[in-house]
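The lines below spell out each chain.
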Amino acid sequence: MTPSAPATPLIEWHALLQVLYTSVALGLGVVVLFSMGVYSLSLFRRPESTVAMRGLSMTGMGIISLVIAATAVWGFLVIINK
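These notes cover the structure that comes with them.

Thresholds, definitions, all that
Residues numbered from 1 in each chain as written. Predicted model: local features only at pLDDT ≥ 70, side-chain atom pairs only at ≥ 80, totals over all residues. Heavy atoms only, no water. Helix = DSSP H or I, 4+ residues; strand = E, 2+ residues; numbered from the N terminus. Buried < 20%, exposed > 50% of the residue type's maximum accessible area, 1.4 Å probe, protein only. Areas by Shrake-Rupley, 256 points an atom, 1.4 Å probe, with all protein chains shown as cover. Phe/Tyr/Trp six-rings, centres within 6.5 Å; stacked < 30°, edge-to-face > 60°. Lys NZ or Arg CZ within 6 Å of the ring centre and 35° of its normal. Expected span 1.5 Å × (residues − 1). Contact = heavy atoms within 4.5 Å. Axes fitted to C-alpha atoms, helices over the stretch in contact; angles between N-to-C directions. Parallel < 35°, antiparallel > 145°, perpendicular 65-115°, else oblique. Left-handed = near helix turned anticlockwise from the far one by under 90°. Nonpolar A, V, L, I, M, F, W, Y, C, P; charged D, E, K, R; others polar. Patch = residues over 30% accessible without salt bridge, like charges linked within 9 Å, V, L, I, M, F, W, Y side chains within 5 Å. Salt bridge = Lys/Arg side-chain N within 4 Å of Asp/Glu carboxyl O.

**Overview of the overall build of the protein chain**
If you tally the helices and strands in the protein chain, you get 2 helices and 0 strands. With the C-alpha coordinates of the protein chain rotated into their principal frame, the extents come out at 85 × 20 × 15 Å. Counting every position in the protein chain, which comprises 82 residues, the buried fraction comes to 10%. A total accessible area of about 7,100 Å² is found for the protein chain, and carbon and sulfur atoms account for 76% of it.

Next up, the structure:
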């Protein structure tokens, strides 16, 4: 009689917890970044904002938009490669 292979669990709890932690962190992170972008836009559109403040707001919106887009691209690449 040959020995049988050890039984593998039906659910890999460690991998499931990693997915949970990653999705919560990325979900909250994107929401916070989007909120910061909206706040930067509101600072940019205020009539009492100085030229320097508008320039910083525009730079902030650009950086935040790039980070959000990079996160979306990374997510698509993870899905495609799985």
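**Focus on the packing of aromatic side chains**
What the rule picks out here adds up to 0 aromatic pairs. Across from the ring centre of F44, 5.9 Å away, lies the NZ or CZ of R54, which sits over that ring.

**Side note on helix α2 (residues 51–81)**
For the α-helix, the turn length of 3.6 residues means that residues three or four positions removed from each other point alike. Helix length check: α2 (31 residues) gives 45 Å between terminal C-alpha atoms against 45 Å at 1.5 Å per residue, within 8%. The set of residues buried in α2 consists of S57, G60, M61 and I64. Residues of α2 that are buried sit in contact with α1 (13–45).

**Focus: the packing of α1 against α2**
Where α1 contacts α2, the two axes come as close as 9 Å, and the packing angle between them is 155°. Classified by the angle their axes make, α1 and α2 are roughly antiparallel. Two packed elements cross with a definite hand, and for α1 against α2 that hand is left-handed. Along its contact with α1, which presents T22, L26, V30, L33, F34, M36, G37, S40, L41, L43 and F44, the element α2 presents M53, R54, S57, M58, M61, I64, V67, I68, T71 and W74. Considering only residue class, the contact of α1 with α2 consists of 15 nonpolar, 5 polar and 1 charged.

**Some details on the side chain of S40**
Structurally, S40 can be placed in helix α1. Not counting residues within four places of it along the chain, the set of residues in contact with S40 comprises S57 and M61.

**Focus: the side chain of S49**
Within the fold, S49 resides in the loop between α1 and α2. Contact partners of S49, with chain neighbours within four places excluded, come to L43 and R54.

**Focus on a nonpolar patch on the surface**
On the surface, a nonpolar cluster with roughly 500 Å² of combined accessible area is contributed by L17, L20, Y21, V24 and L28. Within the secondary structure layout, Y21 lies in helix α1. When its relative accessible area of 57% is taken as the criterion, Y21 is described as exposed.

Keep in mind that these numbers describe shape and distance, not what the molecule does.
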